[in-house]
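# A look at the structure
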Amino acid sequence: MGRTLCFIWACMTQIGLPAQSAWSIVPSGTTADLYSFNSKPKYVITGDSGIVLVSDDLGVTWPMLPVVTTLCLKDSKSASSHDCFVVGDDTMILFSRDSLQSWASYGSIPGPSPLSFNAVAGDLDSNARFFADSGFTLRIYDNVWYTGNLIGTEDLLDGNGTMDTMITCGTNGFIAQTADDGGSWSYPVSGTLEDLNGLYFSTSRSLICGNNGTILTDFGTLGLNWSPLNSGTTEDLNAIYAFGDTLFACGNGGTIINSLNGGLSWTIQSTPITSDLNDIYCVSSSDCWAVGDSGIILHTTTSGIPLSHGDHSMWGSVPQLIPNPCHDRTELRYGGPSSGRVIVADGSGRIVLDQAVMREGDNVTVLEIDTRWLSAGVYSVTLTSSSLRSVSMLVVEN
């Protein structure tokens, strides 16, 4: 499959122009607080009062499923195309084994009760680990419950990983890691006492976010060595997600922050709401979802960056890319100054394209971009002339 190049024209900066949002509100049909987004086997959102929303049309509509509880449902995770676990307050664990057609709850769960389960993670059919308040974690495999672990006294607010290697984070800067399926746990130093609310796991890099704008990162040690990142915000952050070097975190007050260079720098994005956001998930580096209080669902197809912003009158027309998205190539079309340059740089700042552009008469400039030679990733794009400068983002996906 050919690579797809997507240009997203981010801004034409002028002082005093109102911020535009590339996040749109999607009707949810509920005013209940929403806490988690999951994409398998379908798009699934869980929330307060036993809310489970499921979309069969990639998020266009969100019908509500009948479920067997009115408790708060805090997290969902699919281990396969048909298995799904949902966890919540009062020791609630729901499961579906028929692609969400029906739900059941476990009648007896080993461990202290009542207990609030905050997160679930897993990688195989009927194989999952659950994370709860008061340092309690529990595993199920092939419908058999295994003895739970008390790995501390802090509330475990999130957890993720493979079944062998799991990381969990929680209140007061707590982090724990296992590399032997919960047989033993290590306790890496977080360097903070802030509550750590959200976790993203991969074998190459993991991320944790928390209160007061806290973001921690681990490179290649499977959660054993954490370093702080400067998020640029002091809002409490509740969830974090990565797609390559494109990172997102969301939090209180409608906060969404984004990094295009693996967390070296962050941008606070404009959102159309002020409700707290509790989870964020990306289907691709440009197609992302966020859910939050009062039934809020947000969606972007442009990495949260507006397609255009500012006064384009001096350019003659808003820059366009046709087709967009595209395969192998795209055409950049714009009017405006008689000459300029297009500069493309990768996430590290290395320039991969520096090309002069000329306008002939009153015609619109058309620049054909061959994308086959570009590696997958996020690039910055600058269109300049002697008097104007437009900064943009370029996303290349396999």
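A brief structural summary. (Residues numbered from 1 in each chain as written. Predicted model: local features only at pLDDT ≥ 70, side-chain atom pairs only at ≥ 80, totals over all residues. Heavy atoms only, no water.)

Once that is clear, we can look at the overall build of the protein. Counting its regular elements, the protein contains zero helices and 35 strands. Taken over 398 residues, the protein has a buried fraction of 56%. When contacts within the protein are restricted to residue pairs at least 6 apart in sequence, long-range pairs at least 24 apart make up 47% of them. Accessible area of the protein: about 16,500 Å², with a carbon and sulfur share of 50%. (Helix = DSSP H or I, 4+ residues; strand = E, 2+ residues; numbered from the N terminus. Buried < 20%, exposed > 50% of the residue type's maximum accessible area, 1.4 Å probe, protein only. Contact = heavy atoms within 4.5 Å. Areas by Shrake-Rupley, 256 points an atom, 1.4 Å probe, with all protein chains shown as cover.)

This next bit is on the packing of aromatic side chains. Inspection of every chain in the model, using the stated rule, returns 14 aromatic pairs. Here tryptophan 62 and tryptophan 289 contribute two aromatic rings whose centre-to-centre distance is 5.8 Å and whose plane-to-plane angle is 75°, an arrangement assigned as edge-to-face. With a gap of 227 residues between them, tryptophan 62 in the loop between β5 (52-55) and β6 (73-77) and tryptophan 289 in strand β26 (residues 288-292) connect regions that are remote in the sequence. Of the residues examined, tryptophan 62 reaches a relative accessible area of 6% and is grouped as buried. (Phe/Tyr/Trp six-rings, centres within 6.5 Å; stacked < 30°, edge-to-face > 60°.)

An order of β21-β22-β23-β24 is seen for the four strands of this open sheet, with the pairing classed as antiparallel. Two strands lie at the open edges of the sheet, namely β21 (237-243) and β24 (267-268), each paired on one side alone. Sheet topology note: the β21/strand β22 (residues 246-251) ladder contains six bridges and is antiparallel. Note that in β22 the partner of tyrosine 241 across the bridge is phenylalanine 248. (Pairing = 2+ DSSP bridges.)

Attention now goes to the state of the cysteines. Applying the stated criterion across every chain, the model contains one disulfide. Paired through a disulfide, cysteine 282 and cysteine 288 show a sulfur-sulfur distance of 2.3 Å. Between cysteine 282 and cysteine 288, the disulfide has an S-S torsion of 105° and is therefore right-handed. With a relative accessible area of 2%, cysteine 282 lands in the buried category. Cysteine 209 forms no disulfide, and the closest cysteine sulfur to it belongs to cysteine 250, at a distance of 7.2 Å. (Disulfide = S-S within 2.5 Å.)

All right, on to the pattern of salt bridges then. Under the counting rule described, the total for this entry stands at seven salt bridges. Where lysine 74 meets aspartate 89, a salt bridge forms, and the shortest distance between an N and an O atom there is 3.0 Å. Here the residue lysine 74 occupies a position in strand β6, and aspartate 89 occupies one in the loop between β7 (84-88) and β8 (92-96), the gap between them amounting to 15 residues. The exposure class of lysine 74 is partly exposed, given its relative accessible area of 24%. Here aspartate 181 makes a salt bridge to arginine 139, at a shortest N to O gap of 2.5 Å. A residue pair is termed long-range when its members are at least 10 positions apart, and aspartate 181 in the loop between β16 (175-178) and β17 (196-200) and arginine 139 in strand β12 (residues 136-141) qualify at 42 residues. Residue classification places arginine 139 among the buried residues on the basis of a relative accessible area of 14%. The network of salt bridges with common partners includes Arg129, Arg139 and Asp181. (Salt bridge = Lys/Arg side-chain N within 4 Å of Asp/Glu carboxyl O.)

Turning next to the side chain of asparagine 38. If you trace the backbone, asparagine 38 turns up in strand β3 (residues 34-38). Since its relative accessible area comes to 6%, asparagine 38 is described here as buried. There is a polar contact of 2.9 Å between the side chain of asparagine 38 and the side chain of serine 78. Those residues in contact with asparagine 38 that lie beyond four places of it in its chain are Tyr43, Val44, Ser76, Lys77, Ser78 and Cys84. (Polar contact = N/O pair within 3.5 Å; in protein donor to acceptor, adjacent residues only side chain to side chain.)

Nothing here speaks to function; it is geometry throughout.
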